[in-house]
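Here's the letter readout for the chains.
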Amino acid sequence: MNLDRKEVLHHARRVVVKVGASVLAPDGKPKAAVFSTLARQIAGLSGRKIQVVLVSSGAVASGRPVLGYSSNSISLEDKQAAAAVGQSLLMEAYRKAFSRLRGTVAQVLLTHDDFANRRRFLNARSTLNILLERRILPIVNENDTVATEEISIGDNDNLSALVASMIEADVLILLTNTNGLHDQDPNRSKDAQRIPLIVDVDETTARKAGGTASPYTVGGMLTKVEAAKKAALSGIPTVVADGRNAGVLPRLLKGEDLGTLFLPSPKALKSRKQWIAFSVKPKGKLILDEGACRAVQEQRKSLLPSGISHVEGDFDRGDAVSLATIAGQEIARGLTNYSSKELSRIRGVKSSSIESILGYKISDEVVHRDNLVTL
């Protein structure tokens, strides 16, 4: 086990660290001592010439008490207001912690649009690279103040996976209040056993992960497994570990057996397909028959109109769409050559009939295999 970890982690030179509100603010109020401890660990990594991007939760938790909100669920508008107040408090806490170590921090706020729009994606990547080259710590958070359901990433676990893919990180570390993934919920069973290594993230892995048990946090182990799967398909290993462990970051990167290590997929996606799979939100869904599912999944073929049973959503040409089985299980994503209105007319027909139905033909394929990613 340790040998595997050392092989995977010891040579990491670019690391994305995500720290959850459960670590920074276990009772809903951020703790200055936690910020100082985290700052010392990151500064130590920088001294070893390891570049770090920090994805930090805690803005809403920092702003909630200022606005008098309780720990119970609050509306999106209240959450945005709390984030607006709390983000400056969060950054001030980090500034103080790192200034004592003569370190400089930078705030980077992102939404899903910054990943979905290719130009903004490249601009954000360039900014992060420049900050790292100048030995400045980028502290990333979702821009909760402006994020709506349509442009929200939803949780910082998945945000950290997108950032790791964006900057081509060597490893993603998710710090939480649990020492990794367990075979059952450790909060409910004393017999729960930590799973040190996950070779392949599948449905069984997801079933072992639950939601959040804290009213102060978003996500839980399930979102961490989702993030690990995204990172794995980008060729990036992920470690989920207890952020309260002393010296957890340097210990992990030395290969110590802490938390759960998720290995990268041997079939890592190329950059463009990573972007299609994770950075672009599907605008609609295409329900495929069994033959089309086999062609897409097993034979890696393009999607033809004859294999589409049903069209859901309102989308245009070039938009991302989800490809799903009759039962509704998503099997792939891709960029469509036809709009939802056009597909409603040509679904189930052969490609040779497209022009006679629409009066024109853009392509024989609805989603070409070069623009299609199986999940």
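Residues numbered from 1 in each chain as written. Predicted model: local features only at pLDDT ≥ 70, side-chain atom pairs only at ≥ 80, totals over all residues. Heavy atoms only, no water.

## Let's talk about the side chain of R14
So, step 1. Looking at the secondary structure, you find R14 in strand β1 (residues 14-19).
So, step 2. Buried within the structure, R14 lacks any salt-bridge partner; its nearest side chain of opposite charge belongs to E133, at an N-O separation of 5.9 Å.
So, step 3. A polar atom in the side chain of R14 sits 2.9 Å from the side chain of Q51.
So, step 4. Side-chain polar atoms of R14 contact the backbone oxygen of I167, separated by 3.0 Å. (Helix = DSSP H or I, 4+ residues; strand = E, 2+ residues; numbered from the N terminus. Buried < 20%, exposed > 50% of the residue type's maximum accessible area, 1.4 Å probe, protein only. Lys, Arg positive; Asp, Glu negative; His and termini not counted. Salt bridge = Lys/Arg side-chain N within 4 Å of Asp/Glu carboxyl O. Polar contact = N/O pair within 3.5 Å; in protein donor to acceptor, adjacent residues only side chain to side chain.)

## Comments concerning the layout of surface pockets
So, step 1. There is about 1,300 Å³ of room inside the largest pocket.
So, step 2. Counting only elements with at least two residues in the lining of the largest pocket, the list comes to α8 (156-166), α9 (203-208), α10 (221-233), α12 (271-279), α13 (290-297), β12 (330-335) and β13 (372-374).
So, step 3. The element that contributes the greatest number of residues to the lining of the largest pocket is α10, accounting for seven residues.
So, step 4. Of the residues assigned to the lining of the largest pocket, the class counts are 22 nonpolar, six polar and 14 charged. (1 Å grid on protein atoms, 1.4 Å probe; cavity = no way out; pocket = protein on both sides within 12 Å on 5 of 7 lines; lining within 4 Å. Points joined across faces, edges and corners; volume = space filled by probe spheres on them. Nonpolar A, V, L, I, M, F, W, Y, C, P; charged D, E, K, R; others polar.)

## Examining the sheet that holds strand β8 (residues 260-262)
So, step 1. Pairing is mixed across the open sheet formed by eight strands, whose spatial order is β3-β4-β2-β1-β5-β7-β8-β6. Looking at which strands have only one partner, the edges of the open sheet turn out to be β3 (105-110) and β6 (197-198).
So, step 2. As defined by bridge partners, strand β2 (residues 51-56) adjoins strand β4 (residues 137-142) across two bridges and the pair is classed as parallel. Bridging across to β4, L54 finds its partner in I139. (Pairing = 2+ DSSP bridges.)

## Remarks on unusual backbone geometry
So, step 1. With a phi close to 55°, E168 is a non-glycine residue in the positive phi region.
So, step 2. Its location among the elements puts E168 in the loop between α8 and β5 (171-176).
So, step 3. Judged by relative accessible area, which is 60%, E168 ranks as exposed.
So, step 4. Of note in this structure, R300 is not a glycine but carries a positive phi near 55°.

## Re the pattern of salt bridges
So, step 1. Scanning the model with the defined rule gives twelve salt bridges in all.
So, step 2. Taking the shortest distance from any N to any O, the salt bridge between R120 and D114 comes out at 2.8 Å.
So, step 3. The exposure class of R120 is partly exposed, given its relative accessible area of 36%.
So, step 4. Residues K283 and D319 are paired through a salt bridge, measuring 3.9 Å at the closest nitrogen-oxygen approach. Residue K283 is located in the loop between α12 and β9 (284-288), and its partner D319 is located in the loop between β10 (308-313) and β11 (320-324); the two are separated by 36 residues in the primary sequence.
So, step 5. For K283, a relative accessible area of 49% gives the class partly exposed.

## Overview of the packing of α8 against α10
So, step 1. Interaxial distance between α8 and α10 falls to 8 Å at its minimum, and their mutual angle equals 10°. Taken together, the axis directions place α8 and α10 in an arrangement best described as roughly parallel. Residues D157, N158 and A161 of α8 form the contact with α10, whose participating residues are T223, K224, E226, A227, K230 and A231.
So, step 2. Taken together, the residues of the contact of α8 with α10 sort by class into three nonpolar, two polar and four charged. (Axes fitted to C-alpha atoms, helices over the stretch in contact; angles between N-to-C directions. Parallel < 35°, antiparallel > 145°, perpendicular 65-115°, else oblique. Contact = heavy atoms within 4.5 Å.)

## Side note on the sheet that holds β12
So, step 1. In spatial order, the strands read β10-β9-β11-β12-β13; together these five strands make up an open sheet with mixed pairing. Of all strands in the sheet, those with a lone pairing partner are β10 and β13, marking the two edges. Taken pair by pair, the neighbouring strands of this sheet meet at an average axis angle of 20°, ignoring direction.
So, step 2. Pairing of β12 with β13, which is carried by three bridges, proceeds in the antiparallel orientation. Residue G334 lies in a different strand from β13, and its bridge partner there is L372.
So, step 3. In the packing of α12 onto the sheet, contacts are made with β12 and β13, and the angle to β12 comes to roughly 115°.
So, step 4. Running over the sheet, α13 touches β9, β11, β12 and β13 and is turned about 110° from β9.

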